[in-house]
Amino acid sequence: SRHDTSRGEWVIAPGDDDIFISENLRYAFNNLKSANKQTSLMPFAAQTINSSGDFSPIKYQPTKETDRIKLLSELINKSIYWFPATFFRRALVIDHQPPRTITVFDWWIWIQGVMTGEVVPNSLEVIRYRIHKGQEQLSYSESFWNLDQTRTFLDIFDPYAPCIVTGK
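The notes below deal with the structure included here. Everything numeric here is computed off the predicted structure, so don't read it as measured data.

### Side note on the overall build of the chain
Here is step 1: Per the secondary structure count, the chain includes six helices and eight strands.
Here is step 2: Each helix (α) and strand (β) of the chain, taken in turn from the N terminus, gives the series β-β-α-β-β-β-α-β-α-α-β-β-α-α.
Here is step 3: Counting across all 168 residues of the chain, residues that qualify as buried make up 41%.
Here is step 4: Summarising the internal contacts of the chain: among those between residues at least 6 apart in sequence, 78% fall at separations of at least 24.
Here is step 5: As displayed, the chain has an accessible area near 9700 Å², and 53% of this comes from carbon and sulfur atoms.

If you want it as C-alpha coordinates, here you go:
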(Lines give C-alpha, C1' and ligand atoms only; values in the text may rest on other atoms or scores of the structure.)
Protein backbone atom coordinates (compact mmCIF):
# COMPACT_ATOMS: atom_id res chain seq x y z
CA SER A 1 0.00 0.00 0.00
CA ARG A 2 1.05 3.60 -0.55
CA HIS A 3 2.26 5.61 2.43
CA ASP A 4 0.19 8.68 1.64
CA THR A 5 -1.63 9.35 4.89
CA SER A 6 0.05 12.73 5.27
CA ARG A 7 -1.58 15.47 3.22
CA GLY A 8 0.96 18.25 3.72
CA GLU A 9 3.78 19.02 1.33
CA TRP A 10 6.43 18.54 4.04
CA VAL A 11 6.75 15.72 6.56
CA ILE A 12 8.91 15.27 9.66
CA ALA A 13 9.15 11.95 11.51
CA PRO A 14 10.20 12.46 15.11
CA GLY A 15 10.35 9.61 17.59
CA ASP A 16 7.85 9.23 20.40
CA ASP A 17 10.40 10.59 22.87
CA ASP A 18 11.56 13.58 20.80
CA ILE A 19 10.49 17.05 21.91
CA PHE A 20 9.92 19.92 19.47
CA ILE A 21 11.45 23.26 20.39
CA SER A 22 8.24 25.19 19.82
CA GLU A 23 9.78 28.68 19.71
CA ASN A 24 11.93 27.58 16.73
CA LEU A 25 9.19 25.89 14.72
CA ARG A 26 7.79 29.15 13.31
CA TYR A 27 11.19 29.89 11.77
CA ALA A 28 11.37 26.33 10.42
CA PHE A 29 7.88 26.59 8.88
CA ASN A 30 8.80 29.90 7.22
CA ASN A 31 11.86 28.23 5.68
CA LEU A 32 9.72 25.38 4.37
CA LYS A 33 7.21 27.80 2.83
CA SER A 34 9.97 29.69 1.03
CA ALA A 35 11.83 26.59 -0.22
CA ASN A 36 12.15 26.27 -3.97
CA LYS A 37 10.53 23.30 -5.75
CA GLN A 38 13.91 21.55 -6.13
CA THR A 39 14.39 21.35 -2.35
CA SER A 40 13.69 17.79 -1.25
CA LEU A 41 15.22 17.75 2.24
CA MET A 42 15.56 20.42 4.90
CA PRO A 43 17.60 19.13 7.85
CA PHE A 44 17.75 21.16 11.04
CA ALA A 45 20.03 20.89 14.05
CA ALA A 46 19.01 18.95 17.15
CA GLN A 47 19.82 19.15 20.82
CA THR A 48 20.11 15.95 22.81
CA ILE A 49 18.89 15.09 26.27
CA ASN A 50 19.58 12.07 28.45
CA SER A 51 16.96 9.71 29.87
CA SER A 52 16.48 12.10 32.83
CA GLY A 53 15.67 14.99 30.51
CA ASP A 54 18.93 16.86 31.16
CA PHE A 55 20.80 18.40 28.22
CA SER A 56 23.60 16.34 26.75
CA PRO A 57 26.77 17.95 25.35
CA ILE A 58 26.06 16.26 22.00
CA LYS A 59 24.49 18.50 19.36
CA TYR A 60 23.62 17.31 15.87
CA GLN A 61 24.38 19.78 13.08
CA PRO A 62 23.72 19.04 9.39
CA THR A 63 26.62 19.41 6.99
CA LYS A 64 26.78 22.27 4.51
CA GLU A 65 28.17 19.93 1.82
CA THR A 66 26.33 20.43 -1.49
CA ASP A 67 28.15 18.11 -3.91
CA ARG A 68 25.69 15.25 -4.39
CA ILE A 69 28.21 12.41 -4.33
CA LYS A 70 30.17 13.79 -1.37
CA LEU A 71 26.92 14.42 0.47
CA LEU A 72 25.76 10.87 -0.18
CA SER A 73 29.13 9.50 0.89
CA GLU A 74 29.05 11.48 4.14
CA LEU A 75 25.53 10.29 4.82
CA ILE A 76 26.40 6.63 4.37
CA ASN A 77 29.87 6.67 5.93
CA LYS A 78 29.36 9.03 8.84
CA SER A 79 25.59 9.17 9.32
CA ILE A 80 26.02 12.88 9.94
CA TYR A 81 22.43 13.63 9.11
CA TRP A 82 19.87 12.96 11.69
CA PHE A 83 16.44 11.92 10.52
CA PRO A 84 14.04 13.11 13.30
CA ALA A 85 15.21 16.72 12.77
CA THR A 86 14.74 16.60 8.99
CA PHE A 87 11.73 17.77 7.02
CA PHE A 88 11.30 15.96 3.70
CA ARG A 89 8.88 16.40 0.85
CA ARG A 90 5.97 13.99 1.02
CA ALA A 91 6.50 13.27 -2.69
CA LEU A 92 9.64 11.28 -1.80
CA VAL A 93 7.52 8.54 -0.24
CA ILE A 94 4.62 8.89 -2.69
CA ASP A 95 6.59 8.91 -5.95
CA HIS A 96 9.07 6.14 -5.02
CA GLN A 97 8.64 2.64 -3.61
CA PRO A 98 9.85 2.72 0.02
CA PRO A 99 11.84 -0.16 1.54
CA ARG A 100 10.02 -3.17 2.92
CA THR A 101 11.12 -2.57 6.50
CA ILE A 102 11.71 0.45 8.69
CA THR A 103 15.31 -0.26 9.71
CA VAL A 104 16.81 1.84 6.93
CA PHE A 105 13.79 3.97 6.05
CA ASP A 106 15.53 7.17 7.16
CA TRP A 107 18.56 6.42 4.97
CA TRP A 108 16.24 5.58 2.09
CA ILE A 109 14.53 8.97 2.37
CA TRP A 110 17.92 10.69 2.58
CA ILE A 111 19.20 8.90 -0.50
CA GLN A 112 16.02 9.65 -2.46
CA GLY A 113 16.19 13.28 -1.40
CA VAL A 114 19.89 13.69 -2.23
CA MET A 115 19.57 11.98 -5.61
CA THR A 116 16.36 13.68 -6.75
CA GLY A 117 16.55 17.16 -5.27
CA GLU A 118 18.45 19.71 -3.23
CA VAL A 119 19.34 19.56 0.45
CA VAL A 120 19.02 22.87 2.30
CA PRO A 121 20.54 22.53 5.80
CA ASN A 122 19.70 24.82 8.70
CA SER A 123 21.65 25.39 11.90
CA LEU A 124 18.51 26.12 13.94
CA GLU A 125 17.64 23.45 16.51
CA VAL A 126 14.07 22.20 16.11
CA ILE A 127 14.10 19.04 18.23
CA ARG A 128 15.44 17.72 21.50
CA TYR A 129 16.31 14.08 20.98
CA ARG A 130 16.56 11.65 23.88
CA ILE A 131 19.66 9.47 23.74
CA HIS A 132 19.14 6.09 25.38
CA LYS A 133 20.34 2.50 25.20
CA GLY A 134 17.06 0.99 23.94
CA GLN A 135 16.91 2.91 20.67
CA GLU A 136 15.14 1.19 17.80
CA GLN A 137 18.25 0.68 15.69
CA LEU A 138 19.87 -1.29 18.50
CA SER A 139 16.90 -3.64 18.87
CA TYR A 140 17.53 -5.46 15.57
CA SER A 141 20.03 -8.27 15.26
CA GLU A 142 23.19 -7.41 13.34
CA SER A 143 22.46 -10.03 10.64
CA PHE A 144 18.94 -8.64 10.06
CA TRP A 145 20.27 -5.08 9.94
CA ASN A 146 23.02 -6.00 7.44
CA LEU A 147 20.65 -7.98 5.20
CA ASP A 148 18.06 -5.21 5.21
CA GLN A 149 20.65 -2.52 4.45
CA THR A 150 22.12 -4.51 1.59
CA ARG A 151 18.76 -5.30 -0.03
CA THR A 152 17.52 -1.74 0.39
CA PHE A 153 20.70 -0.11 -0.90
CA LEU A 154 20.75 -2.36 -3.97
CA ASP A 155 17.12 -1.41 -4.69
CA ILE A 156 17.86 2.28 -4.19
CA PHE A 157 21.12 2.56 -6.09
CA ASP A 158 20.17 0.53 -9.17
CA PRO A 159 18.24 3.38 -10.88
CA TYR A 160 20.97 5.86 -9.94
CA ALA A 161 23.99 3.83 -11.06
CA PRO A 162 24.84 6.25 -13.94
CA CYS A 163 24.64 9.25 -11.55
CA ILE A 164 26.95 7.61 -9.04
CA VAL A 165 29.52 6.66 -11.67
CA THR A 166 29.51 10.06 -13.43
CA GLY A 167 28.84 12.25 -10.39
CA LYS A 168 25.87 13.97 -12.11
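### Quick word on the sheet that holds strand β6 (residues 86-89)
Here is step 1: A sheet is described by the order of its strands in space; here four strands give the open sequence β1-β6-β3-β7, paired in mixed fashion. The sheet is open, and its two borders are formed by β1 (10-12) and β7 (118-119), each paired with just one other strand.
Here is step 2: In terms of strand pairing, β1 meets β6 through three bridges, oriented antiparallel. The residue of β6 that forms the bridge with W10 is R89.
Here is step 3: Packed on one face of the sheet, helix α1 (residues 22-34) meets β1, β3 (39-43) and β6 and runs near 25 degrees to β6.
Here is step 4: The sheet strands contacting helix α4 (residues 105-116) are β3, β6 and β7, and the helix crosses β3 at an angle near 130 degrees.

### Structural notes on the pattern of salt bridges
Here is step 1: All told, the structure shown has three salt bridges when counted by the stated rule.
Here is step 2: One salt bridge in this structure joins R89 and E9, with 2.1 Å as the shortest N-O distance. Placement of the pair is R89 in strand β6 and E9 in the segment before β1, with a sequence separation of 80 residues.
Here is step 3: Within the structure, one salt-bridge network assembled from shared partners comprises E9, K37 and R89.

### Quick word on the sheet that holds strand β8 (residues 125-130)
Here is step 1: Taken in spatial order, the four strands make up an open sheet running β2-β8-β4-β5, and their pairing is mixed. Here the strands that pair on one side only, and so sit at the sheet edges, are β2 (19-20) and β5 (55-60).
Here is step 2: The strands touched by α1 are β2 and β8; relative to β8, the strand with the most contacts, the crossing angle is about 130 degrees.

### A few points about the pairing of strand β4 (residues 45-49)
Here is step 1: Extensive coverage of β4 is indicated by the burial of five of its five residues.
Here is step 2: The side-chain alternation of β4 yields two buried faces, one formed by A45, Q47 and I49 and the other by A46 and T48.
Here is step 3: One ladder, built from five bridges, connects β4 with β8; its direction is parallel. Paired with A46 across the strands is I127, a residue of β8.
Here is step 4: By the bridge criterion, three bridges tie β4 to β5 in an arrangement that is antiparallel.

Conventions and cut-offs
Residues numbered from 1 in each chain as written. Predicted model: local features only at pLDDT ≥ 70, side-chain atom pairs only at ≥ 80, totals over all residues. Heavy atoms only, no water. Helix = DSSP H or I, 4+ residues; strand = E, 2+ residues; numbered from the N terminus. Buried < 20%, exposed > 50% of the residue type's maximum accessible area, 1.4 Å probe, protein only. Contact = heavy atoms within 4.5 Å. Areas by Shrake-Rupley, 256 points an atom, 1.4 Å probe, with all protein chains shown as cover. Pairing = 2+ DSSP bridges. Axes fitted to C-alpha atoms, helices over the stretch in contact; angles between N-to-C directions. Salt bridge = Lys/Arg side-chain N within 4 Å of Asp/Glu carboxyl O.

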